[in-house]
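Residue strings, one per chain:
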Protein chains: 2
Amino acid sequence: MGGDLGPAVVVEGMAKSAAINPDLRFIVHGDSAELEKHIAKRGITDRCDIRHTDDVVTMHEKPSHVMRHGKNTSMWSAIDAVRAGDATVCVSCGNTGALMAVSMIRLRKVAGVNRPAIACLWPSRNPSGFNVMLDVGADIRADQDDLLQYALMGLSYARNGFGLARPRIGLLNVGTEEHKGRAELKVAHEMIEAAAKYNDFEYVGFIEGGDIPSDRVDVIVTDGFTGNVALKTAEGTANLISGRMRESFQHSVFSRFAALLAYPALQRLKKRIDPRQANGGVFLGLNGTVVKSHGSADATGVSAAIKLAVQLAQSGFGEKLAARVASITEAGQSSEPALKTPDAAKGKSNT
Amino acid sequence: MGGDLGPAVVVEGMAKSAAINPDLRFIVHGDSAELEKHIAKRGITDRCDIRHTDDVVTMHEKPSHVMRHGKNTSMWSAIDAVRAGDATVCVSCGNTGALMAVSMIRLRKVAGVNRPAIACLWPSRNPSGFNVMLDVGADIRADQDDLLQYALMGLSYARNGFGLARPRIGLLNVGTEEHKGRAELKVAHEMIEAAAKYNDFEYVGFIEGGDIPSDRVDVIVTDGFTGNVALKTAEGTANLISGRMRESFQHSVFSRFAALLAYPALQRLKKRIDPRQANGGVFLGLNGTVVKSHGSADATGVSAAIKLAVQLAQSGFGEKLAARVASITEAGQSSEPALKTPDAAKGKSNT
């Protein structure tokens, strides 16, 4: 029921995905009368189970309010379907803060995780076409321990989601020199560097905003405030450039003719820079997989978020992440919550 | 002497600007033998005075070190030329932190300013083609008082630099709802809103990263850490898209032919999205105008920074900003350092 454009667009996106993937089935949560209408219109009635709820979470509701009074909402019902094992992944276009809050109380954090994070895929120059960045908005704060955990959760995502044996992790800062940045970043820099030795990843050190889409790095670690601003800034920049490209090709009769000939090249470009193709933030650190679609996603964007959910479900990502976090916290959760100690690593490499 | 590409490129940029603007003269600071050679090569010997210095500030030197030991550097000499009134504006491609540190001790802060800021121009959908964003990296911290001062300095920049009678100011956050974001942002939100009533600007409230290049706002206020990451992220995104556009048009014989026909449109586009055209961060809040060019700027970028310096010099921007900050702090600098009180505003509107 969520998203800026309402359930009609969500169901349209579901239909796009259903047409591509014949194994896909949906449990759809919300107002059954409205959902039935949209689902019938798109001809996917036999692919959907509808679970009726009376309430919805609006885009501007406070997470704390939803946690107390949200039991009868479609969002709550969707997450409970993951909790019960009925659904493999929850996909929502709704209120991010509320979705994270309900996910945390219903799915619970993986043992050893202090602060869950939202990871997004970022179009990049790497062979996979994407980098992973986290956190992009689960929380506006992150101390050094959180940043280390983000690094390790991002590591697991890159390894299982992209099949990278030895992902490269960078810590976002305002410069690459060691003396730059906030105090917690300097501490996190040392902690992640130390963790790299025993967790089979390469730490590339501090990186800058310009490195996010580069092939210098696979995983970008930052706090949720900075990550959210960076993500939305990149989307805004891409939209500005797309708009200017359109204007540029509509400038004269000649340029409109050129655009006609350039159409295949422009379409190829459009597909590669379309922010909708990278739609879907993944909640990391919970017992269950939740994909948050952009609130303003259209059917193409919703379908991209569903595609990501399918990939994560098929890779068994949720279980692997939980196992990984458990293994890296086997040395205890107190002072170094997610750091594998040299001894523990040595012990493991012998077995 | 600064910048990643060295003085040859800086002098090349000067020559570009000199060819466009016959009134422009340069005082060039650094190794006279090397500078003379480059200047002679570009044929602008009669437009330049060279001031020899033995030392240079390197890109990785700590600002604190430069403040203590930098008296014989080209950077120090360039800023002292502004201090002495010999130069109207200082332009540098050098180490940002050192440039700000030396500017602060040699030019001093304008009375009433706590923390100077660096403002950049951001390509946007507004009629001027640019929005102003600050701080983009003078300091990694900013509390509510600093954010209010940034708003008022940005207001002065937009008014004098763009001739906007009533600039619209937005505060960068991770959402537009009032309950979102860090504590200091919520306080700054109220302070800027209150200041809008008496300082003749429109406060549009919280904005998100996607709004930075939009026409919803003229001035974007944020702390230097977030601003720096956002700026570099946007540059990285623009570079990624440019690269993909090139690939897309080189894909086949047909697309290369299409690119030929599309050349004028693509050139028009390139000019409008070229990050080099928006090169130049302006230091605000000092007794003297300093423009920081991107360290990696090529001759086109250096020339753009010089163009900005000329515009600021011709508008008498430095004096106007000082006057404005003085007027908005006339009610005192203690608890509300840059807020015009209702009484003071009333008094002014009667005179």
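Now for a quick tour of the structure. Each chain carries its own residue numbering, running from 1 in the written order of its sequence. Chain labels run from A onward and ligand labels from 1 onward, assigned in the order the entries are written. Reporting in this predicted model follows two pLDDT cut-offs: at least 70 for local features of residues, and 80 or more for side-chain atom pairs to be given and counted; totals over whole chains, interfaces and linings ignore these cut-offs and use all residues. With hydrogens and water stripped out, all remaining heavy atoms of the structure feed into the side-chain values.

## Quick look at the relation of the copies chain B and chain A
Okay, step 1: When the copies are superposed, the least-squares fit draws on C-alpha atoms of residues that have pLDDT of at least 70 in both. At an RMSD of 0.1 Å, chain B and chain A line up after a rotation of 180 degrees and a shift of 0.0 Å along the axis. Seen this way, the second copy is the image of the first under a two-fold rotation axis.
Okay, step 2: The share of interface residues of chain B whose copies in chain A are also at the interface is 100%, consistent with both copies meeting through the same surface. Note on contacts: a residue pair is in contact if any heavy atoms of the two residues lie within 4.5 Å.

## A word on the interface of chain B and chain A
It is common to report an interface's size as the accessible area lost on association of the parts.
Okay, step 1: Across the boundary between the two partners, chain B contributes 57 residues, which contact 58 residues of chain A.
Okay, step 2: Contact between chain B and chain A buries roughly 5,100 Å² in total, counting both sides, with carbon and sulfur atoms accounting for 66%.
Okay, step 3: Two parts placed together each lose some accessible area; with a 1.4 Å probe, that loss summed over both constitutes the buried area. Summed over the three residues of chain B that lose the most area to chain A, namely Arg182(B), Phe225(B) and Arg244(B), the buried surface amounts to 14% of that side.
Okay, step 4: When a carboxyl oxygen of Asp or Glu is within 4 Å of a side-chain nitrogen of Lys or Arg, the pair counts as a salt bridge. Lys232(A) is the partner of Glu208(B) in a salt bridge, and the nearest nitrogen-oxygen pair spans 2.3 Å.
Okay, step 5: In protein, a polar contact means a hydrogen-donor-capable atom and an acceptor-capable atom, both N or O and within 3.5 Å, with residues adjacent in sequence counting only if both atoms are side-chain atoms; elsewhere, any N or O pair within 3.5 Å suffices. Where chain B packs against chain A, one counts 14 residue pairs in polar contact (both at pLDDT 80 or more).
Okay, step 6: Among the secondary structure elements, those contributing two or more residues to the side of chain B that touches chain A are strand 4 (117-123), helix 8 (224-249), helix 9 (253-261) and helix 10 (263-273) of chain B.
Okay, step 7: Here the side of chain B that touches chain A takes 20 residues from helix 8 of chain B, the largest share from any one element. Under the DSSP-based scheme used, a helix requires at least four consecutive residues in state H or I and a strand at least two consecutive residues in state E, with every element numbered from the N terminus.

## Focus on helix 6 (residues 144-162) of chain A
Residue and element names in this part refer to chain A.
Okay, step 1: For helix 6, spanning 19 residues, the distance from its first C-alpha to its last is 26 Å, which sits close to the expected 27 Å at 1.5 Å a residue.
Okay, step 2: The N-terminus of helix 6 is capped by Asp143, whose side-chain oxygen sits 3.1 Å from the backbone nitrogen of Asp145.
Okay, step 3: Once helix 6 finishes, Gly163 follows within two positions and takes phi at roughly 65 degrees, a positive value. The length a helix should cover is 1.5 Å for every residue beyond the first.

## With respect to the sheet that holds strand 4 (residues 117-123) of chain A
Two modes of strand pairing occur in sheets, parallel and antiparallel, and in both the strands are linked by backbone hydrogen bonds.
All names here are of chain A.
Okay, step 1: Any two strands are treated as partners once DSSP identifies two or more bridges connecting them. The strand order across the open sheet built from 8 strands is 3-10-9-4-5-8-6-7, with neighbouring strands paired in mixed fashion. Both outer strands of the open sheet, strand 3 (89-92) and strand 7 (202-207), are each paired with one neighbouring strand and no more. Each neighbouring strand pair of the sheet contributes to a mean axis angle of 25 degrees, computed without reference to strand direction.
Okay, step 2: The sheet contact formed by strand 5 (residues 130-134) and strand 8 (residues 219-221) spans 3 bridges and is parallel. Bridging from a neighbouring strand, Leu134 pairs with Val221 of strand 8.
Okay, step 3: Note on method: axes are straight lines fitted to C-alpha atoms, helices fitted across the in-contact stretch only, with angles between N-to-C directions ranging 0 to 180 degrees. Running at roughly 175 degrees to strand 10 (residues 289-292), helix 5 (residues 96-107) makes contact with strand 3, strand 4, strand 9 (281-284) and strand 10 of the sheet.

## Section: the sheet that holds strand 8 (residues 219-221) of chain B
Residues and elements named next belong to chain B.
Okay, step 1: Spatial strand order, 3-10-9-4-5-8-6-7: 8 strands in an open sheet with mixed pairing. Pairing within the sheet leaves two strands with one partner each, and these edge strands are strand 3 (89-92) and strand 7 (202-207). With direction set aside, neighbouring strand axes in the sheet form an average angle of 25 degrees.
Okay, step 2: Note that strand 6 (residues 168-172) and strand 8 share 3 bridges and pair parallel. Across the sheet, the residue bridging to Gly170 is Ile220, located in strand 8.

The values reported here are purely geometric and, on their own, carry no functional implication.
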